[in-house]
Each structure stands twice: as C-alpha cells, then as structure tokens.
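A structural walkthrough
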Amino acid sequence: MKKTRVAVLISGRGSNMMALINAAKKPSYPAEIALVLTNCPDAVGLSHAQAAGIATAITDHAAYGRDRESFERAMQEVLGQYGIDLVCLAGFMRLLTTWFVARWEERMLNIHPALLPAFKGLDTHRRALSAGVKIHGASVHFVAAEMDSGPIIAQGAVAVREDDDAETLAARVLEVEHRIYPMALGLVAAGRVQVVGGRCVIDGGVSTQQALIVPDIEH
Ligand code: GRF
C-alpha cells in the first residue's frame with residue numbers, strides 16, 4: 001500500500017521530528033517522512049534529519065519580512081514539489097495564516113506541550129507549575145486557524161511532582177510527546193481518524209488502560 005507522504009516542519013532541535021522519523025522506519029508504519037522543512041537555516045534538527053537520510057529544505061521566513069503569506073506560498077511550493085499529503089508541525093515557531101491553515105485543513109498536525117485547551121501558547125510548564133495543576137501533559141491536534149486549537153487526536157499525561165521545576169517537568173512531558181506524536185500520525189495516516197462535530201473519532205478505538213493517572217496516598 002502506498003504510504004502517506006509526510007513533511008515535518010521544525011524550527012529548532014527536532015526531537016519530536018526524530019521520534020516521527022524513527023517510528024516511520026517500521027515497515028508496517030503507514031507514513032513515510034518524505035521531507036523535513038525549516039524556517040530557520042540554523043535549526044539543529046536539520047543535521048539530525050540529514051544524518052537519518054531524510055530530504056531537507058529551508059524556507060527562511062526572514063527573506064519575506066512581515067509578509068507571512070508570501071513565506072507560506074514559498075513553503076507550499078516546496079511541499080508540492082515533494083508530493084506531500086500530511087504536514088506535522090514539530091516545534092515550528094511561526095504563526096500560520098488562515099490561507100495556509102485552510103489549505104491543510106485536517107491534513108496538518110501539531111504537538112503542544114500541555115493538556116489542551118489548558119495552557120495554550122508558550123512557557124507551558126512554568127505556567128502549569130504556577131497554576132498548581134497536579135496533572136500536566138501533551139496534546140496532538142489538527143491545526144485550526146486559532147493558535148493551539150483544533151480537534152484533539154491524542155493526549156498523554158504525567159503527574160506533577162512536588163519538587164518539579166519547569167525543566168524536570170518539561171523533560172517528562174517530552175517523553176510523552178515522543179510517544180503520542182508517532183501514534184497520532186500513524187492513526188491519521190492509516191485513515192483511522194475522522195473529525196465529527198469538531199471532535200476526533202478514532203476508528204477501532206485506542207487502549208486507554210495505560211493512559212489514566214489516578215493519584216493515591218498511603219494512610
Ligand atoms: C516541543 O515541546 C513541542 O511540544 C513544542 O515545541 C517543542 C519542540 O521540541 N511545540 P523539539 O524540537 O521537537 O525537540
């Protein structure tokens with residue numbers, strides 16, 4: 001069966017990108033990472049993608065000044081050249097216009113380091129700690145026009161520890177990110193995710209046995 005051709009868009013270190021690349025090595029995985037595209041010529045993740053034998057491209061946003069749509073049209077052209085079916089944002093630090101989002105409706109995924117709809121935006125781990133939440137985590141969702149919103153495909157949670165700081169919490173959430181992003185992409189690429197009334201319905205369901213955190217104390 002023909003695999004879904006995926007472009008991963010990055011701006012930085014690319015650890016989620018690597019999780020997707022590694023998952024896609026499995027012959028039975030329904031997607032192949034056909035391209036890694038960055039807006040930052042010095043993104044660390046670029047060299048990791050190249051070392052993994054993945055095609056890379058740079059569309060530097062700086063060349064387009066404030067004209068976001070021209071920048072996106074340039075990216076769109078590259079995506080077209082590579083015959084891309086699905087886009088995965090993985091630490092891609094540019095806000096996207098409705099023009100681009102509409103072109104990739106239900107074909108563009110993002111990973112966000114919080115349990116959406118809580119803690120949209122940046123600096124999620126510090127804000128989660130200040131809010132005193134006991135459970136934090138990550139979400140993979142289809143991209144909608146509004147930042148960090150859109151139908152949620154998968155979420156994973158971690159318990160917040162009393163001695164956590166933003167770095168220790170981020171590290172545990174990142175491990176969850178690396179598990180749920182390949183899973184979510186696999187589901188979408190296999191055609192198992194349908195958006196119904198703004199919510200994702202997963203064909204065949206997903207086992208939730210390991211997914212719940214129920215706190216306990218000793219008496
Ligand atoms: C991740 O925490 C992701 O959730 C957020 O940006 C970070 C990117 O990290 N959107 P990496 O580049 O995948 O290592």
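Structure report, in brief.

Cut-offs and rules
- Residues numbered from 1 in each chain as written.
- Predicted model: local features only at pLDDT ≥ 70, side-chain atom pairs only at ≥ 80, totals over all residues.
- Heavy atoms only, no water.
- Near = heavy atom within 4 Å.
- Polar contact = N/O pair within 3.5 Å; in protein donor to acceptor, adjacent residues only side chain to side chain.
- Areas by Shrake-Rupley, 256 points an atom, 1.4 Å probe, with all protein chains shown as cover.
- Nonpolar A, V, L, I, M, F, W, Y, C, P; charged D, E, K, R; others polar.
- Pairing = 2+ DSSP bridges.
- Helix = DSSP H or I, 4+ residues; strand = E, 2+ residues; numbered from the N terminus.
- Axes fitted to C-alpha atoms, helices over the stretch in contact; angles between N-to-C directions.
- Contact = heavy atoms within 4.5 Å.
- Patch = residues over 30% accessible without salt bridge, like charges linked within 9 Å, V, L, I, M, F, W, Y side chains within 5 Å.
- Salt bridge = Lys/Arg side-chain N within 4 Å of Asp/Glu carboxyl O.
- Lys, Arg positive; Asp, Glu negative; His and termini not counted.
- Charge placed at Lys NZ, Arg CZ, Asp CG, Glu CD.
- Phe/Tyr/Trp six-rings, centres within 6.5 Å; stacked < 30°, edge-to-face > 60°.
- Buried < 20%, exposed > 50% of the residue type's maximum accessible area, 1.4 Å probe, protein only.
- 1 Å grid on protein atoms, 1.4 Å probe; cavity = no way out; pocket = protein on both sides within 12 Å on 5 of 7 lines; lining within 4 Å.
- Points joined across faces, edges and corners; volume = space filled by probe spheres on them.

Points about the site of the ligand
What surrounds the ligand is the set Arg13, Gly14, Ser15, Asn16, Gly91, Ile111, His112, Pro113 and Glu177. Taking glycine 14, its main chain carries an N or O atom lying 2.8 Å from an oxygen atom of the ligand. One nitrogen or oxygen atom from the side chain of serine 15 is found 2.5 Å from an oxygen atom belonging to the ligand. When the free accessible area of the ligand is taken as 360 Å², the share hidden by the protein chains comes to 85%. Looking at side-chain class alone, the shell around the ligand contains 2 nonpolar, 5 polar and 2 charged residues.

Re the sheet that holds strand β3 (residues 56–58)
Here 7 strands make up an open sheet; going across it, the order is β3-β2-β1-β4-β5-β6-β7 and the pairing mixed. This sheet does not close on itself; its edge strands, each paired only once, are β3 and β7 (152–159). Direction aside, the axes of adjacent strands within the sheet are offset by 20 degrees on average. Taken together, the 4 bridges between strand β5 (residues 108–112) and strand β6 (residues 135–142) define a ladder with antiparallel strand orientation. Looking at β6, one finds that isoleucine 111 is bridged to valine 140. Along the sheet, helix α2 (residues 44–51) contacts β1 (4–10), β2 (31–38) and β3; its crossing angle with β3, the most-contacted strand, is approximately 155 degrees.

Brief notes about a negative patch on the surface
A contiguous patch of negative charge on the surface is contributed by Glu162, Asp163, Asp165 and Glu167. If you trace the backbone, glutamate 167 turns up in helix α6 (residues 166–189).

Side note on the packing of aromatic side chains
Summed over the entire model, instances satisfying the criterion amount to 3 aromatic pairs. With 6.1 Å between their ring centres and 55 degrees between their planes, tyrosine 64 and phenylalanine 71 make a pair best called tilted. Judged by its relative accessible area of 4%, phenylalanine 71 is buried. Summarising the aromatic geometry, the rings of tryptophan 99 and phenylalanine 100 are spaced 6.4 Å apart at their centres and angled 40 degrees between planes, so their arrangement reads as tilted. A single burial state applies to tryptophan 99 and to phenylalanine 100, both of which are buried.

Let's talk about unusual backbone geometry
Of note, the amide linkage connecting leucine 116 to proline 117 takes the cis form, showing an omega dihedral of 10 degrees. Relative to the helices and strands, proline 117 resides in the loop between β5 and α5 (124–131). Even without a glycine there, the phi angle at glutamate 106 is positive, about 60 degrees.

Structural notes on the pattern of salt bridges
In the structure shown here, the tally under the stated rule is 6 salt bridges. Here glutamate 69 and arginine 73 are joined by a salt bridge, their closest N and O atoms 2.7 Å apart. Within this pair, glutamate 69 and its partner arginine 73 are both found in helix α3 (residues 68–81), separated by 4 residues, close to a single helical turn. By relative accessible area, which is 30% here, glutamate 69 ends up partly exposed. The exposure class of arginine 73 is partly exposed, given its relative accessible area of 44%. Close ionic contact of glutamate 146 with lysine 120 constitutes a salt bridge, the shortest N to O distance being 3.4 Å. Here glutamate 146 is found in the loop between β6 and β7, whereas its partner lysine 120 is found in the loop between β5 and α5, with 26 residues between them in sequence. The exposure class assigned to lysine 120 is partly exposed, which follows from its relative accessible area of 29%.

Regarding the layout of surface pockets
By volume, the largest pocket amounts to about 980 Å³. Considering the residues around the largest pocket, the lining is formed by 39 residues, among which Gly91, Phe92, Met93, Ile111 and Leu122 are closest to the centre. When residues in the lining of the largest pocket are grouped by element, the largest group, 6 residues, is from α6. Broken down by class, the residue content of the lining of the largest pocket amounts to 18 nonpolar, 12 polar and 9 charged.

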